[in-house]
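# Structural overview for review
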Amino acid sequence: MQYRKLAIEDCALINDINPSQYINNAWREVDGKRQLVKINYQDSDWANGYEHHFNSLKATISSNGEAVGAFDENNKLIGFATLNREFFGENYKYVLLDQLFISLEHRNKGIGKKLFLIIAERAKVWKADKIYICAGSAEETVAFYFAIGCKETVEINKKLYENDPNDYQLEFLL
């Protein structure tokens, strides 16, 4: 496995990633309380579409953010993570983990954790206090973030929350 910084010319490589995910349970707000709800859903494509993720990757790279890819022995992109450079927050200097995807056939091998830790090191260099994550609400996705040390955010970014109220708003202390 090789991890390296992604450039603009690498953006189209995300087309090789299989983003599909079966979601049995997801976190939802029910009667004012967050709980797991059975949704039994096969998400077979990129949430918000491929173009959205391609354009977000390009925007992150173009605005001096960080984008790191994981490549297999055939130099095929099998996962990537992006961190936006813009700081936000009232009490802390947050940066946004904009994307973290691992191709279906390569999940549960530690690749996502390694990409996240590489991105976290970049956030430290930038002098950020915390990484902000809008995690998809699937049970496995949220469990991954908790397993690597993320917690529910203490400072909700209203704009990000309103973009998808089902997302689980998390943070990672640097």
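In case you missed it, the structure is sitting above this.
Throughout what follows, the structure given in this document is the object of discussion.

So, about the overall build of the protein. Along the backbone of the protein there are 4 helices and 9 strands. What you see in the protein, going N to C, is helices and strands ordered as β-β-β-α-β-β-β-α-β-α-β-α-β. The C-alpha radius of gyration computed for the protein amounts to 16 Å, which stays within 12% of the reference 16 Å derived for 174 residues, consistent with globular compactness. Along the first, second and third principal axes, the C-alpha set of the protein runs to 50 × 40 × 25 Å. In the protein, buried positions account for 43% of the 174 residues. Long-range contacts, defined as pairs at least 24 residues apart, comprise 63% of the intrachain contacts of the protein with a sequence gap of at least 6. Roughly 9,500 Å² of accessible area belongs to the protein as shown, and the carbon and sulfur atoms make up 47% of that amount.

As a further point, take helix α2 (residues 111–125). If you check α2, its first and last C-alpha atoms are 22 Å apart, about what 15 residues at 1.5 Å a residue would give, namely 21 Å. Turning to α2, its buried residues are Ile111, Gly112, Leu115, Phe116, Ile119, Ala120 and Ala123.

Most of strand β9 (residues 168–173) sits inside the fold, with 5 of its 6 residues counted as buried. Bridge count for strand β7 (residues 130–135) against β9 is 6 bridges, and the pairing is antiparallel. Following the sheet pairing, Ile133 is matched in β9 by Leu170. When strand β8 (residues 151–152) meets β9, the two strands line up antiparallel, connected through 2 bridges. Each residue of the ladder has a partner; that of Lys151, found in β9, is Glu171.

The next subject is the nonpolar core. Judged by nonpolar contacts, the single largest core of 27 residues is most densely connected at Leu97, Leu115, Phe116, Ile131, Ile133, Tyr145 and Cys150. For this core, the secondary structure elements donating two or more residues are β4 (66–71), β5 (77–83), β6 (94–102), α2, β7, α3 (139–147) and β9. Those residues in contact with Tyr145, other than ones at most four positions away along the chain, are Leu97, Leu100, Phe116, Ile133, Ala135, Cys150 and Leu170.

The rules behind these values
- Residues numbered from 1 in each chain as written.
- Predicted model: local features only at pLDDT ≥ 70, side-chain atom pairs only at ≥ 80, totals over all residues.
- Heavy atoms only, no water.
- Helix = DSSP H or I, 4+ residues; strand = E, 2+ residues; numbered from the N terminus.
- Rg over C-alpha atoms; globule rule 2.2 N^0.38 Å.
- Buried < 20%, exposed > 50% of the residue type's maximum accessible area, 1.4 Å probe, protein only.
- Contact = heavy atoms within 4.5 Å.
- Areas by Shrake-Rupley, 256 points an atom, 1.4 Å probe, with all protein chains shown as cover.
- Expected span 1.5 Å × (residues − 1).
- Pairing = 2+ DSSP bridges.
- Core = buried A, V, L, I, M, F, W, Y, C linked by side-chain atoms within 4.5 Å.

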